[in-house]
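Each chain, letter by letter, is given below.
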Amino acid sequence: MGKYKKFAFLAIICVTAESVFELLVPLLMADLVDVGVANGDRTYIYVKGMQMVLCALCALVLGMGSARFSALAGQGLGAGLREAQYEKLQHYSFSNIDKFSTSSLITRLTTDVTNVQNAYMMIVRTAVRAPVMMIVSWVFAFRISKEISLVFLVIIPILAVVLIGLAAYVHPIFERVFHTYDELNNVVDENLQGIRVVKSFNREEHEDRKFGGISETIYNNFVRAEKILSFNAPAMNLCIYTALIVISWVGAQQIVASGNDPALGLTTGDMTALVTYALQILMSMMM
């Protein structure tokens, strides 16, 4: 990482602060509904509205900062990694190069480094944002209603098991794809280096079939993996709407019982905030 470490830390700080500002908006909305709208207090509505706009603007600026800093950190990591790999290759013996093959080494320096730097950018942004959003959302929801927040303790493990199971199932497929990339690069390399021989013996169609066969293998593996991963969305939607139905049912009963009085129990504004936090928690699980 070298000098790019500071950008990674700045990205993490921006992502964390952005998440907090986003999660303050539902609380402000709850106050706006319960106090401003309920009492017809326009001044209170304007004040809370301006606070919500301010939080949204802060989140926007911090989001732009996190995107910029994570991109700088990711590209810096990729540049440093490629440089270190290339330097390492200069010290390889011929037996090392024969063992790994030229096509495999090219894949390591190109496709693999790109995947690593993209994954790193995702980790800095998504893998930091998702836990922060999930934990802070659950804390805020727990402060509003302890009873309703227990719904998340049931839904989250179910969704986690499904998502982790799908990821574990498709992981070997993606591993096969990356090994196939080596074969693809090898075919291209052989064809380019031996292009005079290929043309001399009229073997263009044979080389096309070789390339097409490996390309088809990569395509089929990716399609199979993506078909399996497509179950992510239905599983998440099932959990989201189940949680929303339970929250709406229990919350409506509590609102009726308290007469929508903040001093006695749950209010309409609290209910709105809980629904928002439920979506935030389950979307974080999906991330």
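The paragraphs below set out a description of the structure included in this document. What you are looking at is a predicted structure, and each value in this text was computed from that prediction instead of being measured.

Parameters at a glance
- Residues numbered from 1 in each chain as written.
- Predicted model: local features only at pLDDT ≥ 70, side-chain atom pairs only at ≥ 80, totals over all residues.
- Heavy atoms only, no water.
- Helix = DSSP H or I, 4+ residues; strand = E, 2+ residues; numbered from the N terminus.
- Buried < 20%, exposed > 50% of the residue type's maximum accessible area, 1.4 Å probe, protein only.
- Contact = heavy atoms within 4.5 Å.
- Areas by Shrake-Rupley, 256 points an atom, 1.4 Å probe, with all protein chains shown as cover.
- Lys, Arg positive; Asp, Glu negative; His and termini not counted.
- Charge placed at Lys NZ, Arg CZ, Asp CG, Glu CD.
- Expected span 1.5 Å × (residues − 1).
- Polar contact = N/O pair within 3.5 Å; in protein donor to acceptor, adjacent residues only side chain to side chain.
- Core = buried A, V, L, I, M, F, W, Y, C linked by side-chain atoms within 4.5 Å.
- Salt bridge = Lys/Arg side-chain N within 4 Å of Asp/Glu carboxyl O.
- Axes fitted to C-alpha atoms, helices over the stretch in contact; angles between N-to-C directions.
- Parallel < 35°, antiparallel > 145°, perpendicular 65-115°, else oblique.
- Left-handed = near helix turned anticlockwise from the far one by under 90°.
- Patch = residues over 30% accessible without salt bridge, like charges linked within 9 Å, V, L, I, M, F, W, Y side chains within 5 Å.
- Nonpolar A, V, L, I, M, F, W, Y, C, P; charged D, E, K, R; others polar.

Let us look at the overall build of the protein. Secondary structure assignment for the protein yields nine helices and zero strands. When the helices and strands of the protein are listed from N to C terminus, the series reads α-α-α-α-α-α-α-α-α. For the C-alpha atoms alone, the extent of the protein along its principal axes is close to 90 × 40 × 30 Å. Out of the 287 residues in the protein, the part that is buried amounts to 34%. Long-range pairs, those at least 24 residues apart, make up 80% of the contacts in the protein with a sequence separation of at least 6. Counting every atom, the protein has about 17,000 Å² of accessible surface; 67% of that belongs to carbon and sulfur. With 22 positive and 23 negative side-chain charges, the protein shows a separation of 5 Å between the mean positions of the two kinds.

This brings us to helix H2 (residues 42-90). Taking 1.5 Å per residue, 49 residues should reach 72 Å; H2 reaches 72 Å between its end C-alpha atoms and fits that length. For H2, the N-terminal cap is Asp-41; the gap from its side-chain oxygen to the backbone nitrogen of Thr-43 is 3.2 Å.

Of all hydrophobic cores here, the largest spans 29 residues; its most connected members are Phe-152, Leu-159 and Ile-247. Contributing elements (two or more residues each) for this core: helix H1 (5-39), helix H4 (102-144), helix H5 (146-193), helix H8 (232-258) and helix H9 (268-286). Each residue touching Phe-152, except ones within four places of it in the same chain, is listed here: Trp-138, Ala-141, Pro-157, Ile-247, Ala-278 and Ile-281.

Right, let's get into the environment of Val-124. Relative to the assigned elements, Val-124 resides in helix H4. Overall, the relative accessible area of 4% leaves Val-124 in the buried class. In this structure, the C-alpha to C-alpha distance between Val-124 and Gln-85, residues 39 residues apart in sequence, is 23 Å. Beyond its immediate chain neighbours, meaning those up to four positions away, Val-124 contacts Ala-8, Ala-11, Ile-12, Val-15 and Ser-70.

Turning our eyes to something else, we now look at the side chain of Arg-129. In this fold, Arg-129 is placed in helix H4. The exposure class assigned to Arg-129 is buried, which follows from its relative accessible area of 16%. For Arg-129, the contacting residues outside a window of four places in its chain are Val-15, Glu-18, Ser-19, Glu-22 and Met-287.

Let us look at the pattern of salt bridges. For the structure shown, the criterion picks out six salt bridges. One salt bridge in this structure joins Arg-108 and Asp-112, with 2.4 Å as the shortest N-O distance. Within this pair, Arg-108 and its partner Asp-112 are both found in helix H4, separated by four residues, close to a single helical turn. Asp-112 gets classed as partly exposed once you look at its relative accessible area, which sits at 22%.

Closest axis-to-axis distance for the H8/H9 pair is 10 Å, and the angle between their directions is 160°. One way to sum up the angle between H8 and H9 is to call them roughly antiparallel. Read as a crossing pair, H8 and H9 show a hand that is right-handed. Touching Asn-232, Ala-233, Met-236, Cys-239, Ile-240, Ala-243, Leu-244, Ile-247, Ser-248, Gly-251, Ala-252 and Ile-255 of H8 are Thr-268, Met-271, Leu-274, Val-275, Ala-278, Leu-279, Leu-282, Met-283 and Met-286, all from H9.

Let us look at a nonpolar patch on the surface. On the surface, Val-53, Leu-57, Leu-60 and Met-64 cluster together into a nonpolar patch covering about 390 Å² of accessible area. Position of Leu-60 relative to the elements: it lies in helix H2.

The next point concerns the packing of H5 against H9. Closest axis-to-axis distance for the H5/H9 pair is 10 Å, and the angle between their directions is 20°. The angle between the axes of H5 and H9 places the two elements in the roughly parallel class. Where H5 crosses over H9, the handedness of that crossing is right-handed. Packed against H5, whose contacting residues are Ile-148, Phe-152, Ile-155, Ile-156, Leu-159, Ala-160 and Leu-163, the element H9 presents Leu-274, Ala-278, Ile-281, Leu-282, Met-285 and Met-286 at the interface. Classifying every residue of the contact of H5 with H9 gives 13 nonpolar, no polar and no charged.

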